[in-house]
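Structural overview
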Amino acid sequence: KKILKIRHRVECRSPFLKFFEKCNDPNKRRCTLCPLTPFPTEIRYVYGSKRVSTLLKEHMANHPEELGALLVDDARYSTAKRLLVRALATGNVSFAFANNSEFRSFVKTLDPTFIMPDRRALSTTILDSEYIEAYRSVVDALTGSCASITCDHWTSADSVHSLMGGTAHIINKSWRREMYVISLDEVHGSHNSEQVSAYLSKLQREYKMESIEMCVTDNATVMTSGVGKADLDRLGCILHACHLFVHDCLRDFPPFQPIIDTVRKVAVHLHRSRISWQKLKSELTESACKNQTKIQLEIRVRWGSMLRMLRTFNDQIGHLDAACAAAKVNPLSDEQGMILNRLVTFLSSVDEFSVKVN
C-alpha cells in the first residue's frame, strides 16, 4: 500500500498527456500538435520528484479544439458555463455579451484553459440544459405536495403576447416556506373562465401536486369563475380589492371626474410634447419646486399609478397654466385645487394601508 501511495504521488495522470510525447530531456514533454519546424515545442512538467501538468494545460489553450474536447465533460468547466448563463440572465445582460472581445480576453486572463462559449452555445444547448435541470428540481420539490397557487393573466407591453403566469408556495419537510415560479405560458383565444380552470388543472398534473389548497387571484370575474369551475378555494387579492374600491368611489363622486380628466390630458400632452415638458422643467428648476418629475401616466390596472399622477400634478399645480393651455384644457379652479389636495391625501392613506397589508 505504501508503494502504491508513493507511485500515485509521483505519476502524472493528466488527460493532457495524450497530446505530449517524451523527448531527450526527461523533465519535459514535446507537444505533438505543434509543428516540429523550426523548433519543436517542449514543455517542462517534472519538478523534482513530482510531475505537474499545469504548464501542459496552459499550453493546450493554443489548441482550443482539442482542449474543448477534453473539457466538455469536466465538472468545473460545466459549472462555469452554468454560472455564466445564470449571471447573464439574472443580470439582464444579452447573451451577445459573451461575444464581446474585451470580456473574452478578461476570461482568458483568469484561466487560459477555459474555452469561452459564444452567444449561440449559451442561448441554445447550455441554456436548455440549465432549464431542464431547474425544471426537474422544481417537479421533485412539488411532487406530492399540498401547495397554494397564485396566478394571473396579462398582456405583454407590446400587446403582442397574452400570458398566464403562476407561482407555487409550499411548506417543505423542514417547515420552511418555499416559492417556485412554475409557469409563464402564452395563451391563445379569448380570456375566459374555462381557460383559467384548464390552466390550474394542467399545473396540478404537470407538477404532480397532491392538491391545491388555495388559489390566490385578483378579483376579476373571469378569475373568480375559473377557480370556481376548477373546484378550488380562492383568496382574493386585497390590494386589487382596494384598487377597485377606490375607482368605484371616484366614479360615483361627480366633482372628481373633471379634475381627474384634466390631470390625465395634461399628463398625456407632456409625454407627447417635448417642448412643453422642457419649458415646464425649466420653470420647476428655477422655482426650486420640490417635485420636478414629469407627471406619470395612469395605468388603469396598476395600483398606485393614479396616486402618483395626481400627487405630481398637485405638487406642480402653480406652474401648470401654460401646460394646461397647450393641452387645451382649463386650469383647475381654487376649489378644484382644494379637492385635488384632499383627494391626494386620501389616496396616500389608502396607499400606506396597502403597503402594510402587502
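Figured I'd write up the structure that's included with this text. Because the structure is a prediction, the values reported are computed rather than measured.

Notes on the environment of Ser156
The topology assignment puts Ser156 in the loop between β6 (146-155) and β7 (162-171). In this structure, the C-alpha to C-alpha distance between Ser156 and Lys229, residues 73 residues apart in sequence, is 26 Å.

Remarks on the packing of helix α7 (residues 193-206) against helix α8 (residues 221-229)
At a closest axis distance of 7 Å, the pairing of α7 and α8 adopts a crossing angle of 50 degrees. Considering their axes alone, α7 and α8 lie oblique with respect to each other. By crossing handedness, the relation of α7 to α8 is classed as right-handed. Of α8, the residues touching α7 (which contributes Ser193, Glu194, Val196, Ser197 and Leu200) are Val222, Met223, Ser225, Gly226, Val227 and Lys229. Considered class by class, the residues forming the contact of α7 with α8 number five nonpolar, four polar and two charged.

Looking at the layout of surface pockets
A volume near 320 Å³ is recorded for the second largest pocket. For the second largest pocket, the lining is made up of 13 residues, of which Tyr131, Tyr135, Val181, Ile182 and Tyr207 are closest to its centre. Those elements that provide at least two residues to the lining of the second largest pocket are α6 (119-142), β8 (177-186) and α7.

A short note on the packing of helix α10 (residues 256-272) against helix α14 (residues 334-357)
Contact geometry of α10 with α14 gives a least axis separation of 10 Å together with a crossing angle of 85 degrees. Classified by the interaxial angle, the pair formed by α10 and α14 is roughly perpendicular. When α10 is examined against α14, the residues Phe256, Pro258 and Ile259 are found in contact with a partner set consisting of Gln336, Ile339, Leu340 and Leu343. Split by residue class, the contact of α10 with α14 holds six nonpolar, one polar and no charged.

So, the pattern of salt bridges
Applying the stated criterion across every chain yields a total of 12 salt bridges. For Arg86, the salt bridge identified is with Glu130, shortest N-O distance 2.5 Å. Linking Arg86 in helix α4 (residues 75-90) with Glu130 in helix α6, this pair joins segments that are 44 residues apart in sequence. Shared partners join several salt bridges into a network, and the residues in it are Arg82, Arg86, Glu130 and Glu133.

Criteria and thresholds
Residues numbered from 1 in each chain as written. Predicted model: local features only at pLDDT ≥ 70, side-chain atom pairs only at ≥ 80, totals over all residues. Heavy atoms only, no water. Helix = DSSP H or I, 4+ residues; strand = E, 2+ residues; numbered from the N terminus. Axes fitted to C-alpha atoms, helices over the stretch in contact; angles between N-to-C directions. Parallel < 35°, antiparallel > 145°, perpendicular 65-115°, else oblique. Left-handed = near helix turned anticlockwise from the far one by under 90°. Contact = heavy atoms within 4.5 Å. Nonpolar A, V, L, I, M, F, W, Y, C, P; charged D, E, K, R; others polar. 1 Å grid on protein atoms, 1.4 Å probe; cavity = no way out; pocket = protein on both sides within 12 Å on 5 of 7 lines; lining within 4 Å. Points joined across faces, edges and corners; volume = space filled by probe spheres on them. Salt bridge = Lys/Arg side-chain N within 4 Å of Asp/Glu carboxyl O.

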